[in-house]
Amino acid sequence: MPAIQSPDPRRRTPSNWEWSDCVWVASVAILTALSFALVPQFFVLALAGVAIYFAVITKRTWLRTLICCLLFPGVLLLLLPSMGAVYYLETLVGLLAGWWHFLVRTLPDVTVSPADIATFAIAIVLLTAGVHFVAGRIMERRRDESAQRNWSIAQSMRIVCLFTLTFVASLAFVGAVHQTDWLVNSPTPALDYQGGGMFSRHKLHDMGSALFDASDEQGRFPFGIMSQDSQALHGWQTMLLPHLDKGGLYNQINLQQSWRAPSNREVFEQTVDAFQSRKFLAHETTAEGYAMSHFAANMHIIKPGAGLAADEITDGAAHTILAGEVASRFRAWGDPFNLRDSALGLNHPEGFATPWDYSSSRGGVFLFVDGHVQTINDNIDPAIFEALGTPNAGDDEEF
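Residues numbered from 1 in each chain as written. Predicted model: local features only at pLDDT ≥ 70, side-chain atom pairs only at ≥ 80, totals over all residues. Heavy atoms only, no water.

**Section: the overall build of the protein chain**
In terms of regular secondary structure, the protein chain is built from eleven helices and ten strands. Within the protein chain, buried positions represent 34% of all 399 residues. Sequence separation of at least 24 residues holds for 58% of the intrachain contacts in the protein chain that already meet a minimum separation of 6. (Helix = DSSP H or I, 4+ residues; strand = E, 2+ residues; numbered from the N terminus. Buried < 20%, exposed > 50% of the residue type's maximum accessible area, 1.4 Å probe, protein only. Contact = heavy atoms within 4.5 Å.)

The structure is reproduced here in structure tokens:
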């Protein structure tokens, strides 16, 4: 007859709970009910108290660990909005889940190379085989009887995985150091209003690289696509997509039809992050539903059917604006007429703008023909700014 095990007197069951446990649960229940109706912050703290209580009395280590791991971030996420600290909540959510939005945005444009994958697989196999051979030899030569003489392939694979993770981590660390150095030594303050000036500079740098790549292919700055009857079908920013890692989006466009054609509408309704400014994230689509661009090209250099070549700009590449920021009357990034005229001056509704607040003035970020990106303040002489937009008027202005 099997022996009957007596229950552990230390184990708390509903039948032998102590009075202190009952008082604790009743107090938490009353506090929860009252605080839910009165103060949301107290309600969150009451829930946290319940979680702590069950984390203490539970006998299951995995459950206790899970409760403890979820308790602090859960309470923090619930408390911050109720205290008005939405910025910190957005920062925390961005750190925890920002990678997911990055993957969703970039994976459709990722191209897989079977040759590169095969090369990587072969390299890993050869590295594992080499580690296994060398480690096995070393273990065989050891004289210590207590040492393990049979080196397993699993141990070799662990070493290779550790080496690979260390290599990837070192690349990430080098990238972080490089970006930190760039932020510290950037001529524009790293902490502009909403961080926007820095991000606009980065995006104009990318657009400049794309414009120069397209110019090398076409022999002149890209001005879009014209129909046989000289109608503008597509704009300059559409031509930049393959050079901005947006080849997948570009391949969906029917270049024989206008950007406004029904067959192209779904494509041009998609927001392109490279053409967006953090200052105007609330303005993402036009009244017609097309995705906006917060940057425009200089109409004296890029316009439908008449893009200039670099050697046709005689006023000096370093002193001629190629593109810049705008702050009103945004056009779609697919619009061939997403252009501005410097003759209108800064902050004209149809001209370029200086959307960022600095200590004593407002500034806008501009891309020049030689590739450099520079901030121009709103206190610039209007005549000088107009001259910066003309490519061959004989006015090689400096500022």
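And the narrative resumes.
**Looking at the pairing of strand β9 (residues 362–368)**
The element β9 is extensively covered by neighbouring structure, given that six of its seven residues are classed as buried. Relative to β9, strand β5 (residues 321–325) runs antiparallel, the two sharing three bridges. Within β9, the residue paired with I321 across the bridge is F368. Bridge analysis of β9 against strand β10 (residues 373–377) gives five bridges, and the strand direction is antiparallel. In the strand pairing of β10, F366 is matched with Q374. The turn linking β9 back onto β10 is made up of four residues, and G371 within it adopts a positive phi angle of 105°. (Pairing = 2+ DSSP bridges.)

**Structural notes on the pairing of β5**
Where burial is concerned, most of β5 is hidden: five out of the five residues are buried. Relative to β5, strand β4 (residues 295–298) is paired through three bridges, and the arrangement is antiparallel. Paired with A296 across the strands is G324, a residue of β5.

**Overview of a nonpolar patch on the surface**
A contiguous nonpolar patch, built from W100, L103, V104, L107, V110, V112 and I117 and spanning about 680 Å² of accessible area, is present on the exposed surface. By the element assignment, L107 lies in the loop between α4 (86–106) and α5 (114–141). Taking the relative accessible area as the measure of exposure, L107 reaches 51% and is therefore exposed. (Patch = residues over 30% accessible without salt bridge, like charges linked within 9 Å, V, L, I, M, F, W, Y side chains within 5 Å. Areas by Shrake-Rupley, 256 points an atom, 1.4 Å probe, with all protein chains shown as cover. Salt bridge = Lys/Arg side-chain N within 4 Å of Asp/Glu carboxyl O.)

**A word on the environment of K279**
The topology assignment puts K279 in the loop between α10 (262–268) and β3 (292–293). Taking relative accessible area as the criterion, K279 reaches 23% and is therefore assigned partly exposed. In the structure, K279 is positioned 48 residues away from A327 in sequence and 8.8 Å away in space, judged by C-alpha atoms.

**Notes on the packing of aromatic side chains**
Tallied over the full model, the rule gives seven aromatic pairs. Judged by centre distance (6.1 Å) and plane angle (55°), the ring pair of F212 and F221 falls under tilted. Pairing W259 with F268 gives two aromatic rings, centres 6.0 Å apart and planes at 75°, and the pair type is edge-to-face. Both residues of the pair, W259 and F268, count as buried. Taken together, the ring pairs connect W259, F268, F275, Y290 and W333 into an aromatic cluster. Cation over ring: R265 sits above Y290, and NZ or CZ is 4.6 Å from the ring centre. (Phe/Tyr/Trp six-rings, centres within 6.5 Å; stacked < 30°, edge-to-face > 60°. Lys NZ or Arg CZ within 6 Å of the ring centre and 35° of its normal.)

**Some details on the pattern of salt bridges**
A side chain with one charge may pair with a side chain of the opposite charge, provided their charged atoms come close. In this structure the tally under the stated criterion is six salt bridges. The salt bridge involving D273 is made with K203; its shortest N-O contact spans 3.7 Å. Here the residue D273 occupies a position in the loop between α10 and β3, and K203 occupies one in helix α7 (residues 196–218), the gap between them amounting to 70 residues. Given the relative accessible area of 37%, D273 is considered partly exposed. The partner of E269 in a salt bridge is R265, and the shortest N-O contact between them spans 2.8 Å.

**As for helix α11 (residues 382–389)**
Listed as buried for α11 are F385, A387, L388 and G389. Buried residues along α11 sit in contact with β4, β5, β9 and β10. For α11, the N-terminal capping position is held by D381, with its side-chain oxygen 3.0 Å away from the main-chain nitrogen of A383. (Polar contact = N/O pair within 3.5 Å; in protein donor to acceptor, adjacent residues only side chain to side chain.)

**Some points on the environment of S215**
By secondary structure assignment, the location of S215 is in helix α7. C-alpha of S215 to C-alpha of G307: the two residues are 92 residues apart in sequence and 9.4 Å apart in space. For S215, the contacting residues outside a window of four places in its chain are R220, F221 and P222.

**Side note on unusual backbone geometry**
The phi dihedral of S230 is positive, around 65°, even though this residue is not glycine. Under the relative-accessibility criterion, S230 is labelled exposed at 56%. Of note in this structure, R329 is not a glycine but carries a positive phi near 50°. Residue position: R329 is located in the loop between β5 and β6 (331–332).

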